[in-house]
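# Observations on chain architecture
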Amino acid sequence: MNKRKKSVFGEYLVTEIKAAGMSQEEFYTAVGIAKPYFYDILTASPPPIDLQNRMLHVLNAKTGENSERTSMFYDLAA
C-alpha cells in the first residue's frame with residue numbers, strides 16, 4: 001500500500017482533531033466531506049476557504065473558540 005505523507009497542514013489538522021476528542025471519521029462526517037477527499041486534504045493541498053471555515057467551526061464546537069488555533073490553521077492553509 002502506498003501511504004502518502006501528510007502535509008504540514010494535514011499533520012496540524014490531525015493533531016487538532018485528536019485534541020478535540022474526535023476520530024477522523026467523526027470529523028470529516030461532521031464537516032460534510034467524503035473520506036477520499038479528507039485524505040486528499042491531509043496529503044495534498046488545503047481545502048478552499050469555505051471548507052476551512054466549516055472545519056474550524058466543527059473544532060470550535062468541540063473545544064471552544066481558540067484564536068491561536070484559528071491563526072495557525074489559516075497560516076498553514078495559505
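Residues numbered from 1 in each chain as written. Predicted model: local features only at pLDDT ≥ 70, side-chain atom pairs only at ≥ 80, totals over all residues. Heavy atoms only, no water.

## Examining the nonpolar core
Counting 21 residues, the largest nonpolar core has L13, F27, I33, F38 and M55 as its most contacted members. Secondary-structure elements contributing two or more residues to this core are α1 (8-19), α2 (24-31), α3 (35-43), α4 (49-63) and α5 (67-77). The residues contacting L13, other than those within four sequence positions of it, are F27, F38, I41, L42, M55, L59 and F73. (Core = buried A, V, L, I, M, F, W, Y, C linked by side-chain atoms within 4.5 Å. Buried < 20%, exposed > 50% of the residue type's maximum accessible area, 1.4 Å probe, protein only. Helix = DSSP H or I, 4+ residues; strand = E, 2+ residues; numbered from the N terminus. Contact = heavy atoms within 4.5 Å.)

## Here's the deal with the packing of α1 against α4
How two helices sit against one another is set out by the angle between their axes and by the gap between those axes. Contact geometry of α1 with α4 gives a least axis separation of 9 Å together with a crossing angle of 30°. Taken as axis vectors, α1 and α4 run roughly parallel relative to one another. The interaxial crossing formed by α1 with α4 has left-handed handedness. Side by side, α1 and α4 meet where L13, E16, I17 and A19 of the first sit next to M55, L59 and T63 of the second. Residues belonging to the contact of α1 with α4 are distributed by class as follows: 5 nonpolar, 1 polar and 1 charged. (Axes fitted to C-alpha atoms, helices over the stretch in contact; angles between N-to-C directions. Parallel < 35°, antiparallel > 145°, perpendicular 65-115°, else oblique. Left-handed = near helix turned anticlockwise from the far one by under 90°. Nonpolar A, V, L, I, M, F, W, Y, C, P; charged D, E, K, R; others polar.)

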